[in-house]
Amino acid sequence: MDQLDFKIFRTLGLRPSGNESGDFNRINPWVIAKKLGVDGNTVKMRLAKMKRSGFIKYFQIYPNYRLLGIGGGGAYLFELDDPERKNATINQCALVDGVTEITSFVGNQVCIDFTYHDPKDESRRLKLLLGLTNCKRAEKFYERVMPPVRFELSNTDWRIIRSLRYDAFKPLSKVAHELGLSTKTIRRRFERMTNNNAVIIVPVIQPGDVPNTITHVLLLYFKESQREQALMEALNLFEDRYFLIDTTSEGNAMLGLVAQTLAETEDNFIRCRKIEGVQNVKMLILKETQDFSEWLDLEIERKIAETSGKPPPHVDVDIITR
């Protein structure tokens, strides 16, 4: 990946948050091209290359959490006391209701992303995860803030989301054929959802699968009075190699980088430590990210049943709720 690839991916947004997260134009190649001053076909070809390389697995769509009664989401970093049990611990944590994904880093750290209804519910689920990981504390990694949505989805809307769930760019004519409706109807309803923050479309990535690359995260801790200045210096320093920046956590800023050698990752670490205003830097080398959002599929099925007047489907799953 080169500098243009990183700029394209940053514009896409791995974990969009806030009012712009539901903006469909965010992933439009021609809108991205205009922002970056390049040709739209170039952006399309670069995105196709990212998919072929394995960096982007696919694009998924999911409903705005608010439509499911979910207040928000976030992720915490846990340091396990027994790295040999990491896989077993991940499998246990994946059963907690609301867990969407778990990222494993080389060594004993894991990042667990989960949703919650309110701050009290966030504390409850965090306490449960602390028990399962045998950790005394966890560090806030980032937050997911859903934009407001002001209308309820119809049965057709929910069925469109189900059809596009793991293939967000599926031709709408194919969705229309699956649902037995006209393409015009599907397009109108899809555009209504995307124009009103009802759905979020994001790339699902697995950078650890890309040959000859080492994906790593730098957590930057700032002197509060110099936070903005130091962050801008870090972004300028790594302009040609960072693919992710997240500043939603009050305690740190997360910078996602790609390198070709371990020596390069160490050099990135040292360069960050030398930035004026940076108090500390923590480096995490990514191993893999596992998606555990199947519960969203069940919620979508429940909404389809509710809006059709049918009883919700019963699925036997093992979920830890307390």
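Some words on the side chain of Asn268
Then step 1. Among the secondary structure elements, Asn268 is positioned in helix α10 (residues 262-273).
Then step 2. Assessed through its relative accessible area of 0%, Asn268 is described here as buried.

Describing helix α1 (residues 3-12)
Then step 1. Counting buried residues in α1 gives 7 out of 10 residues, a clear majority hidden from the surface.
Then step 2. Within α1 the residues assigned to the buried category are Leu4, Asp5, Phe6, Ile8, Phe9, Thr11 and Leu12.
Then step 3. Buried residues along α1 sit against α2 (29-36), α3 (40-53), β1 (56-63), β6 (199-205), β8 (242-246) and β9 (253-259).

So, the side chain of Ser163
Then step 1. Its location among the elements puts Ser163 in helix α6 (residues 155-164).
Then step 2. On the basis of relative accessible area, Ser163 is assigned to the buried category, the value being 13%.
Then step 3. Once residues lying within four places of it in the same chain are set aside, the contact partners of Ser163 are Lys170, Val175, Glu178 and Leu179.

A closer look at helix α9 (residues 227-237)
Then step 1. Residues Arg227, Ala230, Leu231, Ala234 and Leu235 constitute the buried set of α9. For α9, the buried positions fall inside an angular range of 140° around the axis, keeping them on one side. Those residues of α9 that are exposed and aimed more than 90 degrees away from the buried face are Glu228, Gln229 and Asn236.
Then step 2. On its buried face, α9 is in contact with β7 (214-222), β8, β9 and β10 (278-291).

Things to note about the environment of Met1
Then step 1. Along the polypeptide, Met1 turns up in the segment before α1.
Then step 2. Placed 257 residues apart in sequence, Met1 and Val258 show a C-alpha to C-alpha distance of 8.6 Å.
Then step 3. In contact with Met1, other than residues within four places in its own chain, are Phe6, Met50 and Phe55.

What counts, and where the lines are drawn
Residues numbered from 1 in each chain as written. Predicted model: local features only at pLDDT ≥ 70, side-chain atom pairs only at ≥ 80, totals over all residues. Heavy atoms only, no water. Helix = DSSP H or I, 4+ residues; strand = E, 2+ residues; numbered from the N terminus. Buried < 20%, exposed > 50% of the residue type's maximum accessible area, 1.4 Å probe, protein only. Contact = heavy atoms within 4.5 Å. Arc of directions from axis to C-beta.

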